[in-house]
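Architecture and fold: a report
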Amino acid sequence: MAWAQARARAVRAAGAPLPPVRLPLADAFGGTLAVPLEALSDLPAFDTSAMDGWAVSGPGPWRLAADPCADGILAGRKGAAPLADGTAVRIATGAQLPPGATAVLRSEDGQVRRGAGVGGVGNGGVDLLHDCGSTPLEQGRDIRPRGQECRTGEPLLPPGTAVTPAVLGLAAAAGCDLLAVHRRPTVELLVLGDELLDAGPSKDGRTRDALGPLLPSWLRSYGARVGAVRRVGDDLGLLTEAVLRSTADIVVTTGGTAAGPVDFLHLALAGMGARLLVDGVRVRPGHPMLLAALPAEPGKRTRFLVGLPGNPLAAVAGVVTLAEPLLRTLGGCPAAPPYLVEAAVALPGHPQDTRLVPVALPARGVLPLAFDGPAMLRGLALAEGLAVVPPGGLPAGARVEILDVPAG
Ligand SMILES: Nc1nc2c(c(=O)[nH]1)N[C@H]1C(S)=C(S)[C@@H](COP(=O)(O)OP(=O)(O)OC[C@H]3O[C@@H](n4cnc5c(N)ncnc54)[C@H](O)[C@@H]3O)O[C@H]1N2
Ligand code: MOO
């Protein structure tokens with residue numbers, strides 16, 4: 001199956017997003033909005049002073065309505081007395097303006113004169129002068145009017161928006177305590193291979209497991225909830241049992257996809273009656289990757305298995321090709337338009353297959369990185385993206401699609 005076709009197949013297999021759940025803000029990060037985020041108040045909810053200074057009414061100079069040394073109107077207080085025309089009162093940034101205020105004079109732009117009696121405002125009272133020469137203070141200056149950002153009930157963000165830290169802040173500012181997000185797909189990760197070591201350097205013909213540490217956070221970057229990583233021995237029975245016992249929406253396995261003497265994944269899937277939706281993809285590295293629908297329990301959603309090849313960069317190719325579209329669709333996150341960048345140099349291709357190449361993205365364009373073999377991670381660890389090089393390659397200057405490599 002061609003690379004783009006395999007991705008489209010994963011989207012189709014996932015079908016509809018998982019149903020919405022309402023979560024407290026603290027638990028909604030990483031999800032996707034299932035319904036529009038609506039404002040529960042105007043923003044700002046009241047006419048607000050944008051600066052520390054004085055709320056004034058009408059053109060200056062103004063008579064100070066209270067003791068000039070008093071705090072005046074602080075943020076968080078409500079019900080300040082109306083301000084009469086020609087008067088002023090001290091006010092803090094974020095405080096609700098008193099009725100009648102027409103502008104805010106910043107503290108650095110005003111001067112308080114005791115008994116100045118300027119402009120006929122007072123004689124013996126305390127007056128406030130605008131210190132900026134003859135420039136009048138324009139109406140509405142340094143006032144954030146009620147509803148400037150939004151009105152109650154206004155949709156602020158559409159469904160499908162990723163819940164980022166900024167979205168959590170906006171939701172709180174708009175008065176929300178719960179967010180309706182799609183339930184995030186759960187993933188169980190099964191790392192196969194008797195040869196793998198969990199700690200220390202590779203030795204005695206055994207190889208340190210690189211995928212147990214790499215995959216959970218990579219999958220989480222697509223919204224997955226990843227439980228514990230489980231190691232499964234090279235044994236058909238153990239593998240079958242581990243897959244059937246899992247209750248996750250998606251079982252992700254590593255290794256065992258090829259035809260070696262202990263590569264049992266195909267046998268296990270056939271034995272349990274799973275349906276192969278993608279069985280090999282025309283992509284380098286990673287071509288033995290697969291996607292299967294696990295045997296369905298009556299009335300329950302289809303669960304999936306993504307089989308990633310054991311070579312680490314090949315496994316990552318399987319993640320971006322099959323796991324990403326599957327997780328994104330189940331999580332209700334629409335596909336972003338392809339991100340295209342010019343190639344700084346020619347990008348050699350495979351004659352028939354798509355290549356996924358770890359690249360740097362300096363200002364002059366896409367640059368392939370060294371150490372991009374299927375068993376290598378050195379190039380990927382420095383990569384700012386994975387370039388999707390179509391069969392036959394691309395000349396320098398051509399635009400190439402770049403897939404995200406998750407950062408911290
Ligand atoms: N006769 C053929 N042999 C192979 C083919 C083929 O088409 N015909 N394809 C090759 C390709 S391409 C790949 S990729 C691998 C896929 O193999 P498996 O998915 O069965 O993976 P394993 O055999 O279990 O492991 C391959 C390799 O990767 C190492 N490995 C496995 N898991 C991990 C891990 N968690 N961390 C680090 N390294 C891991 C494992 O020790 C092997 O060296 O098949 C080729 N063979
Ligand atoms: O998937 Mo293999 O070369 O493509 O490592």
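Residues numbered from 1 in each chain as written. Chains lettered and ligands numbered in written order. Predicted model: local features only at pLDDT ≥ 70, side-chain atom pairs only at ≥ 80, totals over all residues.

When helices and strands are tallied, the protein chain shows 8 helices and 26 strands. Relative to the compact-globule value of 22 Å for 408 residues, the protein chain shows a C-alpha radius of gyration of 31 Å, a clear excess of over 25%. Judged by the C-alpha coordinates and their principal axes, the protein chain covers about 100 × 55 × 40 Å. Split into buried and exposed, the 408 residues of the protein chain put 41% on the buried side. In the protein chain, of all internal contacts separated by at least 6 residues, the share reaching a separation of at least 24 is 71%. (Helix = DSSP H or I, 4+ residues; strand = E, 2+ residues; numbered from the N terminus. Rg over C-alpha atoms; globule rule 2.2 N^0.38 Å. Buried ≥ 20, exposed ≤ 12 C-beta atoms within 10 Å, placed from the backbone. Contact = placed C-beta atoms within 7 Å.)

A word on the pairing of strand β9 (residues 126-130). Where burial is concerned, most of β9 is hidden: 4 out of the 5 residues are buried. Bridge analysis of strand β5 (residues 62-64) against β9 gives 2 bridges, and the strand direction is antiparallel. From the neighbouring strand, W62 faces β9, where its bridge partner is L128. For strand β8 (residues 110-114) and β9, the ladder comprises 5 bridges, and the chain directions are antiparallel. By the bridge assignment, G110 is partnered in β9 with H130. (Pairing = 2+ DSSP bridges.)

Another aspect to go through is the site of ligand 1. Contacts to ligand 1 come from 25 residues, most closely from G255, T257, A258, P309 and G310. Residue composition of the shell around ligand 1, grouped by class: 12 nonpolar, 10 polar and 3 charged. (Near = placed C-beta within 6 Å. Nonpolar A, V, L, I, M, F, W, Y, C, P; charged D, E, K, R; others polar.)

Structurally, G318 is set in helix α7 (residues 312-330). Taking the C-alpha atoms as reference points, G318 and M289, separated by 29 residues in sequence, lie 5.8 Å from one another. Residue contacts for G318: discarding those within four places in its chain leaves G286, M289, V306, L308, P309 and A323.

Time to look at the sheet that holds strand β18 (residues 275-279). Here we have 6 strands laid out as an open sheet, ordered β16-β13-β17-β21-β20-β18, and mixed in their pairing. The open sheet terminates on both sides in strands that have one partner only, identified here as β16 (225-232) and β18. Between one strand axis and the next, the sheet turns by 20° as a mean value, whatever way the strands run. As paired strands, strand β13 (residues 186-192) and β16 are joined by 6 bridges and run parallel to one another. (Axes fitted to C-alpha atoms, helices over the stretch in contact; angles between N-to-C directions.)

Quoted interface sizes are often the accessible area lost when the parts come together. One can read the domain layout of the protein chain as domain 1 (3-17 + 184-330), domain 2 (20-42 + 161-182), domain 3 (48-144) and domain 4 (340-404). Inter-centroid distance (C-alpha atoms) of domain 2 to domain 4 is 36 Å. (Domains from an automatic or database assignment.)

Attention now goes to helix α4 (residues 211-220). Buried residues of α4: L211, L215 and L219, and no others. Taken down its axis, α4 places every buried residue within 40° of arc, on the same side. Exposed and facing more than 90 degrees away from the buried side of α4 are P213 and S217. Buried residues along α4 sit in contact with β13, β16, β17 (250-254) and α7. (Arc of directions from axis to C-beta.)

Strand order in the open sheet formed by 6 strands is β7-β4-β6-β5-β9-β8, with mixed pairing between adjacent strands. The open sheet is flanked by β7 (103-106) and β8, the only strands paired with a single partner. The sheet shows a mean angle of 40° between the axes of neighbouring strands, taken without regard to direction. In this sheet, strand β6 (residues 87-91) lies alongside β5 in parallel orientation, the contact comprising 2 bridges. Pairing of L64 across the sheet is with A88, part of β6.

Among the residues of helix α5 (residues 236-245), those classed as buried are L239, A242 and V243. All buried residues of α5 project into a common sector of 95° when viewed along the axis, lining one side. Exposed residues pointing more than 90 degrees away from the buried face of α5 are listed as G237 and R245. The inward-facing, buried residues of α5 abut β13, β16, β17, α6 (265-272) and β21 (304-308).

Let us look at the environment of G200. For G200, the position within the fold is in the loop between β14 (196-197) and β15 (207-208). For G200, a count of 8 C-beta atoms within 10 Å puts it in the exposed group.

For the pair helix α1 (residues 3-14) and α7, the least separation of the axes is 8 Å and the interaxial angle reads 30°. By the criterion of interaxial angle, the relationship of α1 to α7 is roughly parallel. Of the two possible hands of crossing, α1 and α7 adopt the one that is right-handed. Taken together, the residues of α7 that come into contact with α1 (itself represented by W3, A6, R7, A10, V11, A13 and A14) are T321, L322, P325, L326, T329 and L330. Residue classes in the contact of α1 with α7 are distributed as 10 nonpolar, 2 polar and 1 charged. (Parallel < 35°, antiparallel > 145°, perpendicular 65-115°, else oblique. Left-handed = near helix turned anticlockwise from the far one by under 90°.)

Here the bond from G60 into P61 is cis, since omega is -5°, no more than 30 degrees from zero. Relative to the assigned elements, P61 resides in the loop between β4 (53-56) and β5. For the bond from R284 to P285, the omega torsion is -10°, close enough to zero to count as cis. For P285, the location among the structural elements is in the loop between β19 (283-284) and β20 (290-293).

With 71 residues, the main nonpolar core has L219, V252, L291, V306 and L326 as its most contacted residues. The element best represented in this core is α7, accounting for 12 residues. Shared between two domains, this core takes at least three residues from each, and those domains are domain 1 (3-17 + 184-330) and domain 4 (340-404). Excluding residues that lie within four positions of it along the chain, L219 makes contacts with V187, A224, V226, V252, V319, A323 and L327. Of all hydrophobic cores here, the second largest spans 22 residues; its members include V56, A65, L105 and L137. (Core = buried A, V, L, I, M, F, W, Y, C linked by C-beta atoms within 7 Å.)

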